[in-house]
Amino acid sequence: MRKAINGILWLIGLVVVLVVYFFVPLGTYTLYEHTLRIAATEPAQELGDELGTATRELGERAVEEWDGRRATREQAAGREPGGAAPDTLRLRVEPDGVHIGQEVLSPTELRSRIHEAREVAGELHAILETAEGVPTPDVQAILEMLREEHVSVAP
C-alpha cells in the first residue's frame, strides 16, 4: 500500500513539474520557451558542435583501443594471437538501406539474402554428411577449400 501511495505522489509531482515547465510563464516566456531560446544561441550551437566532435573522437579512440587489445582477447579465447583473421562482412545501416560493400540492400532484400545463405549452408551440410563413396582425398579437398573460405565445418 505504501508503494502505491509513493507511486501516486511521484506521478502527481511529475505532472506538476511538466505543467510548470510547459505552461507557466516565468516573465515573458515559459521554461520550455526559455530553453529553446538558449539552445538557439551561438554559444549553445558551438557547444553542440564540440560535443559532437568529442563524441566522434572518443568513439574512434575506443575502436583503436579495442583493436589494440585483439591479441589479448584471442589469447583469452584460446586462439593463437596474430593468426589470420577471417574476412569480416561489415554491414552499414543508413536511411536508404544496408550497405554491403558497394551494394545497398533494403531490409527485405537483406532478409532474403540471409535466408538464401542459410539454405545454401543447409544444403552444403547435407551433402557433406550424406555423400557415400566419395574418395577421402576429395572430401579433404572440399573441407580445405571451405576452411580457406572461412566456413566452419563440424567433424
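A brief structural summary.

Calculation notes
- Residues numbered from 1 in each chain as written.
- Predicted model: local features only at pLDDT ≥ 70, side-chain atom pairs only at ≥ 80, totals over all residues.
- Heavy atoms only, no water.
- Helix = DSSP H or I, 4+ residues; strand = E, 2+ residues; numbered from the N terminus.
- Buried < 20%, exposed > 50% of the residue type's maximum accessible area, 1.4 Å probe, protein only.
- Areas by Shrake-Rupley, 256 points an atom, 1.4 Å probe, with all protein chains shown as cover.
- Phe/Tyr/Trp six-rings, centres within 6.5 Å; stacked < 30°, edge-to-face > 60°.
- Expected span 1.5 Å × (residues − 1).
- Salt bridge = Lys/Arg side-chain N within 4 Å of Asp/Glu carboxyl O.
- Contact = heavy atoms within 4.5 Å.

### A short note on the overall build of the protein chain
Here comes step 1: Within the protein chain, the secondary structure is distributed over six helices and five strands.
Here comes step 2: Residue burial in the protein chain is summarised as follows: out of 155 residues, 6% are buried.
Here comes step 3: When the accessible area of the protein chain is evaluated, it comes to approximately 13,600 Å², of which 60% is carbon and sulfur surface.

### What to know about the packing of aromatic side chains
Here comes step 1: Summed over the entire model, instances satisfying the criterion amount to three aromatic pairs.
Here comes step 2: Their ring planes at 90 degrees and their centres at 5.0 Å tell us that Tyr21 and Phe22 sit as a pair that is edge-to-face.
Here comes step 3: Residue classification places Tyr21 among the partly exposed residues on the basis of a relative accessible area of 27%.
Here comes step 4: In textbook terms, an aromatic cluster arises when at least three aromatic residues are bridged by ring pairs, as seen for Tyr21, Phe22 and Tyr32.

### Some thoughts on helix α3 (residues 42-68)
Here comes step 1: Compared with an ideal rise of 1.5 Å per residue, which puts 27 residues at 39 Å, α3 spans 39 Å between its outermost C-alpha atoms and is within 8% of the ideal.
Here comes step 2: Sparse coverage of α3 is indicated by the burial of zero of its 27 residues.

### Let's talk about the pattern of salt bridges
Here comes step 1: Counting across every chain of the model gives two salt bridges.
Here comes step 2: Across the pair Glu65 and Arg69 runs a salt bridge, and its minimum N-O distance is 2.9 Å.
Here comes step 3: As a salt-bridge pair, Arg70 and Asp67 come within 3.7 Å of each other at their nearest N and O atoms.
Here comes step 4: Relative accessible area serves as the criterion here: at 39%, Arg70 is assigned to the partly exposed category.
Here comes step 5: Look at Asp67 and you get partly exposed, because its relative accessible area is 38%.

### A short note on the side chain of Thr30
Here comes step 1: Relative to the helices and strands, Thr30 resides in strand β2 (residues 29-30).
Here comes step 2: Note on Thr30: relative accessible area 8%, which makes it buried.
Here comes step 3: Leave out the neighbours within four places in its chain, and Thr30 touches Tyr21, Phe22, Phe23, Val24 and Pro25.

### Some words on the environment of Val24
Here comes step 1: Mapped onto the secondary structure, Val24 falls in the loop between α1 (2-23) and β1 (25-26).
Here comes step 2: Discounting chain neighbours no more than four positions away, the residues touching Val24 are Val19, Thr30 and Leu31.

Shape is all these values report; function is a separate question.
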